[in-house]
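Secondary and tertiary structure notes
Each chain is listed here by its residues.
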Amino acid sequence: MKSLTLLLGGALAVAESAVSSDWAAFVEPEFPFFGSVLDARRLGSGWPRDNLTSSGIILNLGRGYWACFDLDLLRVALVWRGEGVSPASMAQGSYHDPGHKAPEGIDSLPEPTGTPWLATRIRPGWHTGHGADWRDPRDPGPDAREVGRGPLPPDLGEFRALRWVGDGVVLEYEVAGVPVVEWVRAVGHAVHREFQVAWVPQPLNVAIGRLAPGLEIKAWAKGGDGRVILDQDGAYEGEWVLKVAEGPLPLRFRVTVAPTGIPEGEDVDWNTPPSDPPARHWQGEVRTRRIATTRADALEVDSVGLPLDNPWRRNVRLADLGFFRDGMAAAVTFDGDVWRVTGLEGGLDSVRWHRFASGLHEPLGLCVRDDVVFVHDRNGIWRLLDTDGNGEADRHERLPTDLAQTAETREFALGLRVLPDGAFVLAKGGQRGATLGRHSGMVLRVPAEGGPATVLAHGLRQPFLGVHPETGTITVSDQQGHYVPTTALHQIAGGPSRYHGFLPLILPRNAHPEPIADPLTWIPHAINASASGQVWASDTRMGPLHGALIHLGYFRPELFAVRPFARAAVPGAAVMSLTRDLSFPPLAGTVNPKDGEVYVIGFQIWGTVAPAVSGLARLRPGGGPSLLPREVTPFQDGILLCFDVPLHDGTVSNPANYSVERWNYRRSDAYGSAHYRADGSRGQDTLPVRGVALADHGRSVFVAVEGMAPAMQMRIGWALETPDGTSVRNNAYFSLSMLSPFVPEAEGFGRLNFEEWVPSARSVPVGSQVSVEEGQRLADLMGCVACHSVDGSTLGRVGPTWKGLFRSERMLTDGRVVVADEAYLRRAIREPDAEVVRGFEGTDTGMPSYEGVLTDTQIEALVKYLTTLGD
């Protein structure tokens, strides 16, 4: 394997990685199954034209024989011979090429590569009784064109489990309450479907399908002569049906398909189905270790090496992580593998990885409940069991529920978390390109042992989950796009499901069906361009971070501390940057119960500036004090900041050390939204600071702000110091709705008369020096880094990078070329709309003019700082 040197927080570290040519094939030839969509609608004349399987298990029968079993309809959708499945799925397409994205919709899906032998239409695989009603009994809503309607009604049929045995895969399901075991295998030149039923209380009919020319089909029964008869169902254009007569005793039977003249099947052994799990398949373990440690205030971030140098040449793109009670972990990859991980403790000197399971269908959610691993993939919720104790899962049990999954490439299986009562919460992607899905764009609750899913929230674009392990509080992020003006963070309240504003573009524009629920807070797109999961630092051993919600930023890898409003009139929260010391894009996080520390995990497939394809990191207290506010709460008269450290009175009392802005967004069918002032023009309103007070205990600050009023977005920045000179700088972002009055006496401030405080003429009063340090302080204070990077990155930014800006040539939108000298930089600060750089005219959120907001001295300090950011 090859190494990649990564720059982590200014420190060089060697991370284990590999180039795409090092990986073996996505579909491992020796593994007997994998989950996949299968599009068999274009097989040609004479074949069913509606044969699309959204929840499928592809069975690798060996020697080039394949079969697709539809988990929802309990049918064998296709049998074929050839190379397998075209690598068109999101996981397969990006396996060697991390930037690959499958097209939206259902027009470019995995297809069989080879020669079809047998195919069935979209209909139940079994039918009971003497009639011939093969119509799909599932609810067609909300779109009759959509075939991914979920499982059959439980009284008609229900898939139970997949068992990995010594010679392939055994399928377990029920048909009208009758347990059925099926084993599909290739023997010689034939493909066999072999069945075992406990009894047959009423006639059973098995959909076999349409046969290719040159093949013949036969049926045999063991110990039940005359009880199985093959028939061609004329209503389905010659598709074969196997009719099984009723009887009280167990019955074994098989259907064999083979080239004409090779009647294999009658003499094949009847020791079916096998029951013993296979011998251990993935021998050995892979060891890694901690590869880097960085520190941000009171937080230390440890990066852990991944098992990329493994005997199977398997790519490892981690999507989620869960812990057992003893500290062992299970990690799932987007490619369908589950690894068991030990050694995630202490110095991380010997982290051991064992392959535990495989074959899952683009899973993005994993949790551990009662030391049992559960995974959410596009085929449902799976309980993974190691029945023989050899360290590998040999039984995949599908939790019975009515979850519907379509073949849409963007209907991701987004997350899986456990509520305190043992029930599950999961989310599903909402983007649609062709049809409407019953559960797309929703957050759902599934009972602990399965059952009908309850919709908790709907109208979401790409929701990522967080659940408080003790209170059960559910948070959900959503990503900017059509109808989502910027990143949103929601808290899902109890009661009926509420609509959150997203509409697929296939629906009439701007026709919202219900009132739209406001988020807990909006987050500017420039701050978090692509939101992902959340994890609560719920353990007291996390020190100053205890109680915080850690929100994950994917596009520009970043962790945010979210502090819910403590005393506001309505729920809300403030979002602050916690650390950017990650080399990979995080997707999910969880807490290790053994030591209370937080682990985050993720991989790249969408646009991201992360240098690493995937990663695992641990967050732990660094031993020092936290410089982030423990609380940021807006009131009618201003904003309360509560710190864990004492503050220097001189820096606190200077209004020049605070910056306050507010703006709104517009929700529409456009992609995202610009910023809008209160008067409707583009840009942000700057709010003057009337005065500042420090609490008697020296750790809380009240910033009196002129013009506090409801707004979709507000930012407050501060540049303070502790008594020993430690810098305390950051920005907090939050939304404002109803504002309650501030009672200073109750917060340790004594009596404050806001009417006596005179508003400042500017939001950032006069500075005292022109220096690089003062310029950098102002850049932090004013939140400039949100729109302009200092590292050269431009993706997700609404303004050009500052790196190498000074003295460079800039192509403007009107075709002119100018040199970015000091005069240009001054003009850009004072008149940002006068000379817009080409390429940023469409994404500009309306940068406000800082003429009259910053003094000439402060503008000169900013310019001086910008001149130092060379190539």
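Use the structure listed above.
Described in the following lines is the structure provided in the data block. (Residues numbered from 1 in each chain as written. Predicted model: local features only at pLDDT ≥ 70, side-chain atom pairs only at ≥ 80, totals over all residues. Heavy atoms only, no water.)

1. Quick notes on the side chain of D595
By secondary structure assignment, the location of D595 is in the loop between β42 (588-591) and β43 (598-603). When near neighbours in sequence (up to four residues on either side) are disregarded, D595 contacts L344, E345 and R541. (Helix = DSSP H or I, 4+ residues; strand = E, 2+ residues; numbered from the N terminus. Contact = heavy atoms within 4.5 Å.)

2. Some points on the pattern of salt bridges
Following the criterion strictly, the structure yields 52 salt bridges and no others. The salt bridge involving E174 is made with R160; its shortest N-O contact spans 3.8 Å. Of this pair, E174 sits in strand β10 (residues 168-175) while R160 sits in strand β9 (residues 157-165), and the two are 14 residues apart along the sequence. Of the residues examined, R160 reaches a relative accessible area of 31% and is grouped as partly exposed. As a salt-bridge pair, R287 and E285 come within 2.7 Å of each other at their nearest N and O atoms. (Salt bridge = Lys/Arg side-chain N within 4 Å of Asp/Glu carboxyl O. Buried < 20%, exposed > 50% of the residue type's maximum accessible area, 1.4 Å probe, protein only.)

3. Points about the sheet that holds strand β20 (residues 299-304)
The antiparallel open sheet is built from 5 strands, whose spatial order is β19-β20-β44-β43-β42. The open sheet has two free edges, formed respectively by β19 (290-296) and β42, since each of these has just one partner strand. Across the sheet, the axes of successive neighbouring strands diverge by a mean angle of 20°, strand direction being ignored. The pairing of β20 with strand β44 (residues 614-621) spans 6 bridges and is classified as antiparallel. Residue pairing across strands places V304 opposite L616, the latter belonging to β44. (Pairing = 2+ DSSP bridges. Axes fitted to C-alpha atoms, helices over the stretch in contact; angles between N-to-C directions.)

4. Notes on the packing of aromatic side chains
The geometry of an aromatic ring pair is captured by the separation of the ring centres together with the interplanar angle, meaning the angle of the planes. In this structure the tally under the stated criterion is 25 aromatic pairs. Taking the centre distance of 5.6 Å and the plane angle of 85° together, the rings of W126 and F195 count as edge-to-face. Taken together, the positions of W126 in strand β8 (residues 126-128) and F195 in strand β12 (residues 190-197) put the pair 69 residues apart, joining distant regions of the chain. Measuring from centroid to centroid gives 6.0 Å for W312 and W339, while their planes differ by 65°, and the two rings are edge-to-face. With W312 in the loop between β20 and β21 (318-323) and W339 in strand β23 (residues 338-342), this pair connects stretches of sequence that are 27 residues apart. Accessibility classification places W312 together with W339 in one group, the buried group. Aromatic rings pair up to connect F69, W126, F159, Y173, F195, F253 and W382 into one cluster. In this structure, R314 packs its charged tip against the face of F26, placed 5.4 Å from the ring centre. For R355, the ring lying beneath its charged end belongs to W312, and the centroid distance is 5.4 Å. (Phe/Tyr/Trp six-rings, centres within 6.5 Å; stacked < 30°, edge-to-face > 60°. Lys NZ or Arg CZ within 6 Å of the ring centre and 35° of its normal.)

5. Brief notes about the pairing of strand β40 (residues 558-564)
When you tally the buried positions in β40, you get 6 out of 7 residues, the bulk of the element. By the bridge criterion, 5 bridges tie strand β39 (residues 549-553) to β40 in an arrangement that is antiparallel. Residue G553 lies in a different strand from β40, and its bridge partner there is E558. Connecting β39 to the antiparallel partner β40 that follows it, the hairpin turn spans 4 residues. As judged from the 6 bridges shared by β40 and strand β41 (residues 573-579), these two strands associate in the antiparallel manner.

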